[in-house]
Amino acid sequence: MPQLMKSPRARAGAVVGALSVALVTGLAATPASANSSGWWTSPEGRAEGFYNSLNGRVYANDLRKDGYSAITQVRTARNGYFVVDVRDKLANGQGSWKTPTLYAGVRFKMRVCVYKTGHKPVKCGSWHEFDK
């Protein structure tokens, strides 16, 4: 037969511990799309991009000092209309962001590439769809 905890502090500690485990387990099971597009990278891990619906920002982050810059491109998923391009030219770990107007009920797609100033994006990751 299990021993009952006699101390109120021990019982409170057990309850807090059980709630903490439940919270962490619930957060780990939450999909990335619940509040974001998820982090995506360009081939060879040279750049990364992200959309966060909590603050409405689209991020680009240049990961290497290699003469290329990072660009995150967001388009409408249905017809590919331009929404925003976010560029980060400094591989300093801070990244860059913009806050475009994204409408609820519209599906979007994004990809992350690298580019040289004055040239088209190259070494692009695949398009990934997300909702606002």
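Everything below is about the structure printed above this text.
Counting from 1, residues in each chain are numbered in the order their sequence is written. Residues qualify for local features only when their pLDDT is at least 70, as the model is predicted, and side-chain atom pairs are given and counted only at 80 or more; totals for whole chains, interfaces and linings, by contrast, use all residues. Derived side-chain values reflect all non-hydrogen atoms in the structure, with water molecules and hydrogen atoms excluded from consideration.

Caption draft 1: Inspection of the state of the cysteines at higher detail. The disulfide definition used here is simple: a pair of cysteine sulfur atoms within 2.5 Å. Evaluation of the coordinates by the stated rule reveals one disulfide. Between the sulfur atoms of C113 and its disulfide partner C124 the distance amounts to 2.1 Å. Linking C113 and C124, the disulfide has an S-S dihedral of approximately 110 degrees and is accordingly described as right-handed. Of this pair, C113 sits in strand β7 (residues 107–115) while C124 sits in the loop between β7 and β8 (128–131), and the two are 11 residues apart along the sequence. Burial here depends on accessible area, computed with a 1.4 Å probe over protein chains only, as a share of the maximum for the residue type. Under 20% is buried, over 50% is exposed, and the range in between is partly exposed. Classification of C113 as buried rests on a relative accessible area of 0%. Given the relative accessible area of 24%, C124 is considered partly exposed. Where helices and strands are cited, they refer to DSSP runs of H or I of at least four residues and of E of at least two residues respectively, numbered from the N terminus.

Caption draft 2: Geometry of the pattern of salt bridges. For this analysis, a salt bridge means a side-chain nitrogen from Lys or Arg found within 4 Å of a carboxyl oxygen belonging to Asp or Glu. Summed over all chains, the structure comprises six salt bridges. As a salt-bridge pair, E44 and K123 come within 3.5 Å of each other at their nearest N and O atoms. Separated by 79 residues along the polypeptide, E44 in the loop between β1 (40–41) and β2 (47–52) and K123 in the loop between β7 and β8 bring together distant segments of the chain. Residue classification places E44 among the partly exposed residues on the basis of a relative accessible area of 48%.

Caption draft 3: Structural view of the packing of aromatic side chains. Geometry of aromatic contacts follows a simple scheme: Phe, Tyr and Trp rings, the Trp one being its six-membered ring, pair when their centres are within 6.5 Å, and the pair is stacked under 30 degrees between planes, edge-to-face over 60, tilted otherwise. One pass over the full model with this rule turns up four aromatic pairs. Look at W39 and F50: their rings are 4.6 Å apart centre to centre, the planes differ by 10 degrees, and that puts the pair in the stacked class. Of this pair, W39 sits in the loop between α1 (8–29) and β1 while F50 sits in strand β2, and the two are 11 residues apart along the sequence. Criterion for a charge above a ring: Arg CZ or Lys NZ at most 6 Å from the ring centre, at most 35 degrees from the ring normal. Here the guanidinium or amino end of R46 rests over the ring plane of Y68, the centre of that ring lying 4.5 Å away.

Caption draft 4: Representation of unusual backbone geometry. A positive phi angle, near 65 degrees, is found at E44, a position not held by glycine. Within the chain, K123 stands out as a residue other than glycine whose phi angle is a positive 45 degrees. Given a relative accessible area of 37%, K123 falls into the partly exposed group.

Caption draft 5: Local environment of the environment of R107. Position of R107 among the secondary structure elements: in strand β7. Overall, R107 belongs to the partly exposed group, its relative accessible area being 36%. Along the chain, R107 and R75 lie 32 residues apart, while their C-alpha atoms are 9.0 Å from each other. Once you skip the residues sitting within four places of it in the chain, R107 turns out to touch T76, A77, R78, E129, F130 and D131. Separated by 2.8 Å, the side chains of R107 and D131 make a polar contact. By the convention used here, residues are in contact when the closest approach between their heavy atoms is within 4.5 Å. Two N or O atoms form a polar contact when they lie within 3.5 Å of each other; inside protein one atom must be a possible hydrogen donor and the other a possible acceptor, and for residues adjacent in sequence the pair counts only when both atoms belong to side chains.

By themselves, these observations are geometric and do not establish any function.
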